[in-house]
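# Understanding the architecture of this molecule
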Amino acid sequence: MNPADIELFVALARARAGLKVDPAKTYLIESRLAPLARREGFAGIAELATALRANRDDKLIWAVVEALAMGETDFFRDRAVFDTFRSEILPTLARLRGAAPIKVWSCACSSGQEAYSLAMIAEEAVGLLPGAQVEIYGSDISERALEKAQSGLYTQFEVQRGLPIRRLLEHFDKVEDNWRLTPRIRQRVRWRRVNLVGDMTAMGQFDVIFCRYVLASMDVPYRRRVLEALSGLLPPDGLLVLGPQETAETITQALQPVPGRAGIYVRNPAFRAAA
Amino acid sequence: MKTCLVVDDSRVIRKVARRILEDLGFEIAEAADGMEALAWCRAAMPDAILLDWNMPMMNGVDFLRQLRMEPQGQGPRVVFCSVESEPDRIREALDAGAAEYIMKPFDGDIIGAKFAEAGLL
């Protein structure tokens, strides 16, 4: 690949989505963009770059950014946090909210596994938390990822990473060689395209926001912007969930860690006053 | 060190599974069918069993039902590993006493994830 082309792709990903794409990882860039170039009718990546320079077609630019943003994910990735969600977070919020909806957002859900994992837990909790209204939202920057998420259709390989067999039998139907989440689970999740570095002031409030394995893929200044924007969408007792090895303290004062709960944060009440 | 009995009539599959499970810290024994597996278990009950379904002599489900009636036969955690992927068939294996179920083909990630689900890692 031509270094000037790589630079173009890296710059677009940064400007549009705050993404940090390592220009040294040419194999990664190539494996993401070669299929896109083919799909769009170009002979190769070089021709794709030429077209991007010639006419700054917004749709094509976004297609490139989305392809570079595609994350990998599993059902119930890092199981401990889902156990905490099921046994502590959800019951506590059910008590606090009563009949008002509990809004849970998987904000960079890629192909949807995290949002559906939460939906399965919510479905399994129906009998245990009578009256609780749990609403699950899934969003991603990539339309293609969202299309897949919305279909609820996963390969045999995907349903065997992180998903216990009993949950597979309970919540999926077999469709030829693939597995599709039951309508009950699919209806629990609402999908929407969201760019975390875009304007999020009209998003409304969320009681729990899952934002795992996203920050690491972002350029440093954008990490702060995203965390502060997300913290602004939390009520005082709302929670932001990062990956177990991810921290917010080093990035912003807007969030405070929940003691003893790796990766879980609440809003810092002093932050706005100070700002 | 935990022990795992790998039961499959394919020597290639046994070899692949052995390599993956040794990397996960298991000591491995192999059996080519249910009868052979039962003989192993009577001599030394393993902690875990990775179990194929369709095998000559004695199939996986028959072996598992027999195992659960043996002295100490409740002990081993059993993870099925079969090309069978119909929900009703999977349910049958779980009802017979399996803790987890792998649909072939598998790789190291899947075995790792399923053994973790079964409480073996």
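Residues numbered from 1 in each chain as written. Chains lettered and ligands numbered in written order. Predicted model: local features only at pLDDT ≥ 70, side-chain atom pairs only at ≥ 80, totals over all residues.

The next subject is the overall build of chain B. Across its full length, chain B carries five helices and five strands. Along its sequence from the N terminus, chain B presents helices and strands in the succession β-α-β-α-β-α-β-α-β-α. Taken over the C-alpha atoms alone, chain B extends approximately 35 × 30 × 25 Å along its principal axes. Within the span of chain B, comprising 121 residues, buried residues form 40% of the whole. Put simply, 58% of the contacts in chain B that link residues at least 6 apart link residues at least 24 apart. (Helix = DSSP H or I, 4+ residues; strand = E, 2+ residues; numbered from the N terminus. Buried ≥ 20, exposed ≤ 12 C-beta atoms within 10 Å, placed from the backbone. Contact = placed C-beta atoms within 7 Å.)

Glancing now at the overall build of chain A. Check the secondary structure of chain A and you find 11 helices and 10 strands. In terms of overall dimensions, chain A is globule-like: its C-alpha atoms have a radius of gyration of 20 Å, near the 19 Å expected for 275 residues. Projected onto the principal axes, the alpha-carbon positions of chain A cover approximately 60 × 55 × 30 Å. Per-residue burial over chain A gives 40% buried out of 275 residues. Sequence separation of 24 or more characterises 70% of the internal contacts of chain A that already satisfy a separation of 6 or more. (Rg over C-alpha atoms; globule rule 2.2 N^0.38 Å.)

Looking now at the packing of helix 5 (residues 79-97) of chain A against helix 6 (residues 113-124) of chain A. All names here are of chain A. Direction vectors running N to C along helix 5 and helix 6 enclose 30 degrees, while the axes themselves pass 10 Å from each other. Between helix 5 and helix 6 lies a crossing of right-handed hand. Contact residues: Phe82, Phe85 and Arg86 in helix 5; Ser117, Leu118 and Ile121 in helix 6. A per-class count over the contact of helix 5 with helix 6 returns four nonpolar, one polar and one charged. (Axes fitted to C-alpha atoms, helices over the stretch in contact; angles between N-to-C directions. Left-handed = near helix turned anticlockwise from the far one by under 90°. Nonpolar A, V, L, I, M, F, W, Y, C, P; charged D, E, K, R; others polar.)

Looking now at helix 6 of chain A. Given a rise of 1.5 Å per residue, 12 residues ought to cover 16 Å, and the 16 Å separating the end C-alpha atoms of helix 6 of chain A matches this to within 8%. Of the residues making up helix 6 of chain A, those classed as buried are Gln113, Glu114, Ala115, Tyr116, Ser117, Leu118, Ala119, Met120, Ile121 and Ala122 of chain A. (Expected span 1.5 Å × (residues − 1).)

Residues and elements named next belong to chain B. In spatial order, the strands read 2-1-3-4-5; together these five strands make up an open sheet with parallel pairing. Across the chains shown, the open sheet's two edge strands, defined by having one partner strand only, are strand 2 (27-31) and strand 5 (100-103). On average, each strand axis in the sheet is tilted by 20 degrees relative to the strand beside it, whichever way the strands run. The sheet contact formed by strand 3 (residues 48-51) and strand 4 (residues 77-82) spans four bridges and is parallel. For isoleucine 49, the partnering residue across the bridge sits in strand 4 and is valine 78. Running over the sheet, helix 2 (residues 34-43) touches strand 1 (3-7) and strand 2 and is turned about 135 degrees from strand 2. (Pairing = 2+ DSSP bridges.)

All names here are of chain A. For strand 1 (residues 101-106), the buried fraction is high: five of the six residues fall into the buried class. Read from strand 1 through helix 6 to strand 2 (residues 133-140), the crossover connection turns out right-handed. For strand 1 and strand 7 (residues 208-210), the ladder comprises three bridges, and the chain directions are parallel. Each bridged residue has a counterpart across the sheet, and for serine 106 the counterpart in strand 7 is phenylalanine 210. (Right-handed = clockwise from strand over helix to strand, strands pointing away.)

Soluble, globular proteins show a tendency: their nonpolar side chains are buried together. Counting 121 residues, the largest nonpolar core has Ile209 of chain A together with Val79 of chain B as the members making the most contacts within it. Not counting residues within four places of it along the chain, the set of residues in contact with valine 79 of chain B comprises Ala48, Leu50, Leu51, Ala98, Ala99, Glu100, Ile102, Lys114, Phe115 and Ala118 of chain B. (Core = buried A, V, L, I, M, F, W, Y, C linked by C-beta atoms within 7 Å.)

Within the element layout of this structure, glutamine 253 of chain A appears in the loop between strand 8 (239-241) and strand 9 (255-257). Counting along the chain gives 219 residues from glutamine 253 of chain A to alanine 34 of chain A, while the straight-line C-alpha distance between them is 41 Å.

A few words now on the interface of chain B and chain A. Counting residues at the interface gives 14 residues for chain B, matched by eight residues for chain A. Broken down by secondary-structure element, the contributors of at least two residues to the side of chain B that touches chain A are helix 4 (87-95), strand 5 and helix 5 (108-117) of chain B. Of the residues in the side of chain B that touches chain A, the class split is eight nonpolar, one polar and five charged.

Our next topic: the domain arrangement of chain A. All names here are of chain A. You can read the domains of chain A as domain 1 (3-69) and domain 2 (79-274). Each of domain 1 and domain 2 has a C-alpha centre, and these two points are 29 Å apart. The interface is formed by seven residues belonging to domain 1 together with 10 residues belonging to domain 2. At the level of secondary structure, the elements contributing two or more residues to the side of domain 1 that touches domain 2 comprise helix 1 (3-17) and helix 4 (58-69). (Domains from an automatic or database assignment.)

Residues and elements named next belong to chain A. Sheet architecture is open: seven strands sit in the order 6-2-1-7-8-10-9, paired in mixed fashion. Where the open sheet ends on each side, the last strands, each with one partner, are strand 6 (189-193) and strand 9. Between one strand axis and the next, the sheet turns through 25 degrees on average, direction left out of account. Across the face of the sheet, helix 6 comes into contact with strand 1, strand 2, strand 6 and strand 7 while running at roughly 170 degrees to strand 2. Across the sheet, helix 7 (residues 143-151) is in contact with strand 2 and strand 6; its angle to strand 6 comes to roughly 165 degrees.

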